[in-house]
Amino acid sequence: MPEGHLVHRYAREQDAALAGQVLAVSSPQGRFDPRPYDGRTLRSVEAYGKHLLYHVDGAPTLHVHLGMRGLFLRHDDSAVPPRPGVRVRLAGDRAAYDLIAPVRCEPLAPERVRALRDSLGPDPLRGDADPDEAVRRLSAARGAVGAALLDQAVWAGIGNAWRAELLFLAGLDPDRRGVPPRTAGELWALAVRHLALGRDAGQVVSDPAAPDERWVYKRNTCRRCGAAVRVWELGARTAYACPVDQPPG
Ligand SMILES: [Zn+2]
């Protein structure tokens with residue numbers, strides 16, 4: 001399931017490959033109307049949290065949310081025939097991207113783009129994110145910090161794997177309530193640093209010295225101290241934490 005780091009990676013890669021070009025847009029699956037976009041110039045591809053926004057000259061913004069199962073296939077030869085299940089193919093001069101199984105793929109009028117932006121909290125991977133606002137939203141959140149981190153209106157782009165690993169790095173119990181501003185600021189700094197590493201590596205990176213390893217996420221034992229990882233439901237997703245490195249209270 002793609003979290004913010006992968007969505008930003010997709011945006012960066014597709015912007016580099018397609019922006020400034022006239023797109024050939026099609027929907028092999030037939031569940032998307034490509035006509036407003038086909039034959040128009042892609043201005044830029046933007047990521048905001050887990051959302052992708054394609055800005056196309058003379059057309060509504062194209063909004064894509066990958067959800068749990070969505071993905072892109074890249075073809076270096078845009079003449080390669082798409083699979084029948086492809087929702088949208090975006091083909092430029094040199095490359096084509098096939099979007100498969102998104103939960104959202106829709107044109108958005110400007111007021112709906114604005115509403116989408118307004119619904120999202122600061123995104124640690126965006127240059128325009130306001131760290132003070134990020135601190136304010138997290139420390140004002142009611143309920144457990146582990147639930148607040150998954151709320152895209154608090155911070156945008158954090159999913160379950162990042163929640164587990166960032167709270168481990170901060171030494172915070174996911175059940176903790178009432179995170180003080182200083183702690184929220186430390187967590188934000190961890191998110192900014194590690195999500196950027198994750199975007200560049202194409203995977204969650206919580207230990208730059210061992211980028212394929214996790215501290216607690218989907219582990220039986222803590223990679224630092226060996227304690228049995230605590231596993232429970234929090235914010236409708238499975239939480240993972242070390243009872244030693246993330247002591248309660
Ligand atoms: Zn531990």
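Another point: the pairing of strand 2 (residues 42-48). Among the seven residues that make up strand 2, five are buried, leaving the element largely enclosed by the rest of the structure. Bridge analysis of strand 2 against strand 3 (residues 51-56) gives six bridges, and the strand direction is antiparallel. Note that in strand 3 the partner of Val-45 across the bridge is Tyr-54. Once strand 2 ends, the chain turns through two residues before running back antiparallel as strand 3, passing Gly-49 with a positive phi of about 60°.

Another aspect to go through is the sheet that holds strand 7 (residues 96-100). Judged by pairing direction, the sheet is antiparallel, and its four strands sit side by side in the order 1-6-7-5 without closing on themselves. Only two strands of the sheet have a single partner each, and these edge strands are strand 1 (24-26) and strand 5 (71-75). Strand after strand, the sheet turns through a mean of 15° between neighbouring axes, direction not considered. Sheet analysis places strand 5 next to strand 7, joined by five bridges and oriented antiparallel. Across the sheet, residue Leu-71 finds its bridge partner in strand 7, namely Ile-100. Packing against the sheet, helix 1 (residues 4-18) makes contact with strand 5, strand 6 (88-91) and strand 7, and its axis sits at approximately 30° to strand 5.

The next thing to look at is the coordination of the zinc ion. Bound to the zinc ion are the protein donor atoms Cys-222 (SG), Cys-225 (SG), Cys-242 (SG) and Asp-245 (OD), situated 1.9 to 2.3 Å from the metal. What the four donor atoms of the zinc ion show is an angle range of 100 to 116° at the metal, which sorts the shape as tetrahedral. Read from N- to C-terminus, the donor residues coordinating the zinc ion fall into the pattern C-x2-C-x16-C-x2-D. For Cys-222, a relative accessible area of 3% corresponds to the buried category. Residue classification places Cys-225 among the partly exposed residues on the basis of a relative accessible area of 38%.

Rules used throughout
- Residues numbered from 1 in each chain as written.
- Predicted model: local features only at pLDDT ≥ 70, side-chain atom pairs only at ≥ 80, totals over all residues.
- Heavy atoms only, no water.
- Buried < 20%, exposed > 50% of the residue type's maximum accessible area, 1.4 Å probe, protein only.
- Helix = DSSP H or I, 4+ residues; strand = E, 2+ residues; numbered from the N terminus.
- Pairing = 2+ DSSP bridges.
- Axes fitted to C-alpha atoms, helices over the stretch in contact; angles between N-to-C directions.
- Contact = heavy atoms within 4.5 Å.
- Donors = N, O, S within 2.8 Å, 3.2 Å for Na, K, Ca; no water.
- Tetrahedral: all angles 85-135°; square planar, octahedral: opposite > 155°, others 65-115°.

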